[in-house]
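Chain and residue survey
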Amino acid sequence: PSKVNVAVLGATGSIGTATADVIENLQRVDPQRNWRLWAASGHRNLDELKTISERFHQQGQPLQRLIFSSPEAISSAQAATRFADCGLSEHAFAFGPEALCAAASDPAVDIVVAAIVGRAGLESTLAAVEAGKRVALANKETLVVAGSLVQRIQESSRAPILPVDSEHSAIFQCLADSKAVPTKLILTASGGPFRAASVEQMQNATPKDALAHPTWQMGRKISIDSATMMNKALEIIEARWLFDFAADQIEVMVHPQSIIHSMVEFADGSTIAQLSPPDMRLPIQYALTYPQRMSCPAPALDRRKTYDLTLLPADQERFPALALGFQVAKSGGTSGAVVNAANEVAVESFLNEQIRFTDIVPLCQKVLENHTYDPNPSLTQLLQADRWARKEAQHCVG
Ligand code: NDP
Ligand code: MG
């Protein structure tokens, strides 16, 4: 019988654990294809990595590769002891960031779920694209940092890149069933916890306030990105590269209920949208099973309920991140790497209470203004731009 081996990089995170649910579901609803969690990686959260390893061992399907991407987190001797009862072969253990790339390009792997957060996911995602794997892409930062490079590599490897990000999955779903090319991609945004907040309220926002997302349960970094709407900025850039659309063909509307995940508009003014209750297991599963659709643990709309579906224009005054996103989507080159790096440092600094919430986006703008733009960077130059921007951002933090 055929087998589908999935490598989940960032298995211990919010997307990673939801992916484990999806694989378990597919083992049930699609038994012919023999879905396997072949590899899983964790960085600091070794308890969660243990839980996942045990869970699949108990089902008689132990992992074939267990990746400890942070070499400082655990030694190989400690790992062997701590994970002794997970049914792993001695060859299953792998350590360090290189092990992520090795798993992403391993001949045994069919699908790579790129679920590491931030620039840390770049190399392994590139390795998966280069190896021609089906890539279920959650790590939007890879496209923000190196979108044109990913496009180029994908042109020769023909790796199918399937979006996991709910907005991009929605657009992909709207396009999958249409022969016409849309004129606009309309990303929806919940508006985050500060959708209706005043600038003053945002100035005084604590990390706890900013982490309290109204509709989605997510990792810390993307939760802060949602509050600043930098997440939507990153998604504008992600859409620009993923769908090869110009920045001025991408728009944003606020939709607080997170039911309409995004829309596409056609030449005749008709708009097609994708709707479902907010649950990442749906876009994750679609990225794994496309073009097929299978029964999914994520709930469908409940016909006995009343749904209010509000669509509002986005407020670019209170959320300057949006203009920044459009600017970077237009300019490309090194600007994505620079803004992404500055944002990663700024988010971390805000979570450590070194800067205010409303300092995050201006800090990114400032680092972007100070950088020497290169329209056609190599990977080495992108990584250099990333390192420069981190230093510059750190300098702004003080
Ligand atoms: P989490 O913070 O929940 O998980 C991040 C994962 O990355 C964890 O497995 C973590 O390991 C691992 N990780 C962290 N740092 C490193 C590193 N330096 N090297 C290797 N691995 C590392 O994030 P999310 O799951 O929320 O987000 C993951 C990606 O998916 C992000 O790019 C995000 O933008 C995107 N995304 C997430 C959505 C969501 O609903 N959560 C929705 C759409 C996109 P550990 O925990 O063991 O330290
Ligand atoms: Mg999203």
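Residues numbered from 1 in each chain as written. Chains lettered and ligands numbered in written order. Predicted model: local features only at pLDDT ≥ 70, side-chain atom pairs only at ≥ 80, totals over all residues.

Within an unreviewed UniProt entry, the label attached to the protein reads 1-deoxy-D-xylulose 5-phosphate reductoisomerase, and the organism entered is Stieleria bergensis. The protein has a UniProt comment under Function (unreviewed entry) that states "Catalyzes the NADPH-dependent rearrangement and reduction of 1-deoxy-D-xylulose-5-phosphate (DXP) to 2-C-methyl-D-erythritol 4-phosphate (MEP)." Within the UniProt record for the protein, the comment given under Sequence similarities (unreviewed entry) is "Belongs to the DXR family." (UniProt positions renumbered as here; feature names shortened; annotations may be inferred.)

1. Re the site of ligand 1
Taken together, 28 residues form the shell around ligand 1, and within it G13, H43, A120, M218 and G219 come nearest. Breaking the shell around ligand 1 down by element, the ones donating at least two residues are α1 (14-29), α6 (140-157) and α10 (220-228). Broken down by class, the residue content of the shell around ligand 1 amounts to 11 nonpolar, 11 polar and six charged. (Near = placed C-beta within 6 Å. Helix = DSSP H or I, 4+ residues; strand = E, 2+ residues; numbered from the N terminus. Nonpolar A, V, L, I, M, F, W, Y, C, P; charged D, E, K, R; others polar.)

2. Overview of the UniProt feature "domain: 1-deoxy-D-xylulose 5-phosphate reductoisomerase N-terminal" (unreviewed entry) in the protein
Under the feature "domain: 1-deoxy-D-xylulose 5-phosphate reductoisomerase N-terminal" (unreviewed entry), the UniProt entry names residues 6-147. Secondary structure within residues 6-147 divides into 43% helix and 19% strand; the distance between the first and last C-alpha atoms comes to 24 Å.

3. So, the environment of E344
Structurally, the position occupied by E344 is in helix α14 (residues 335-351). E344 sits in the buried class, given 22 other C-beta atoms within 10 Å. Taking C-alpha positions, E344 is 8.4 Å from R119, a pair spaced 225 residues apart along the chain. Setting aside chain neighbours within four positions, we find E344 in contact with G118 and R119. (Buried ≥ 20, exposed ≤ 12 C-beta atoms within 10 Å, placed from the backbone. Contact = placed C-beta atoms within 7 Å.)

4. Some points on the pairing of strand β2 (residues 35-42)
Among the eight residues that make up β2, eight are buried, leaving the element largely enclosed by the rest of the structure. Relative to β2, strand β1 (residues 4-9) runs parallel, the two being bridged by five bridges. From the neighbouring strand, N5 faces β2, where its bridge partner is R36. Following the backbone out of β1, through α1 and into the adjacent parallel β2, one traces a crossover that is right-handed. (Pairing = 2+ DSSP bridges. Right-handed = clockwise from strand over helix to strand, strands pointing away.)

5. Side note on the sheet that holds strand β9 (residues 250-254)
Overall, mixed pairing links the five strands, which are arranged β11-β10-β8-β9-β12 in an open sheet. At either margin of the open sheet sits one strand with a lone partner, and together these are β11 (271-275) and β12 (312-313). Relative to β11, strand β10 (residues 260-265) is paired through five bridges, and the arrangement is antiparallel. When the bridges of β11 are listed, V264 appears paired with I272. The strands touched by helix α7 (residues 166-176) within the sheet are β8 (184-189), β10 and β11, with β10 carrying the most contacts at an inclination of about 45 degrees. Set on the sheet, helix α11 (residues 230-242) makes contact with β8 and β9; between it and β8 the angle comes to about 155 degrees. (Axes fitted to C-alpha atoms, helices over the stretch in contact; angles between N-to-C directions.)

6. So, the sheet that holds strand β6 (residues 134-137)
Strands pair in a sheet through their backbones, by hydrogen bonds, and they do so in one of two ways: parallel or antiparallel. With respect to topology, seven strands assemble into an open sheet ordered β4-β3-β2-β1-β5-β6-β7, the strand pairing being parallel. Among the strands making up the open sheet, the edge pair consists of β4 (93-95) and β7 (161-163). Each neighbouring strand pair of the sheet contributes to a mean axis angle of 20 degrees, computed without reference to strand direction.

7. Some points on α7
Within α7, nine of the 11 residues are buried, which leaves the element mostly enclosed by the surrounding structure. Of all the residues in α7, the buried ones are S166, E167, H168, S169, A170, I171, F172, Q173 and C174. Packing partners of the buried residues in α7 comprise β7, β8, α11, β10, β11 and α12 (281-289).

8. Some remarks on unusual backbone geometry
Look at the link from Y290 to P291: it is a cis peptide, with omega at 5 degrees. Tracing the chain through its elements places P291 in the loop between α12 and β12. The phi dihedral of N34 falls on the positive side, at around 55 degrees, and the residue is not glycine. Assessed through the 14 C-beta atoms surrounding it within 10 Å, N34 is described here as partly exposed. A positive phi is found at D244, a non-glycine position, where the angle reads about 55 degrees.

9. Regarding the environment of D248
Locating D248 in the fold gives a position in the loop between α11 and β9. Overall, D248 belongs to the exposed group, with 10 C-beta atoms counted inside 10 Å. With 79 residues separating them along the chain, D248 and Q327 place their C-alpha atoms 9.9 Å apart.

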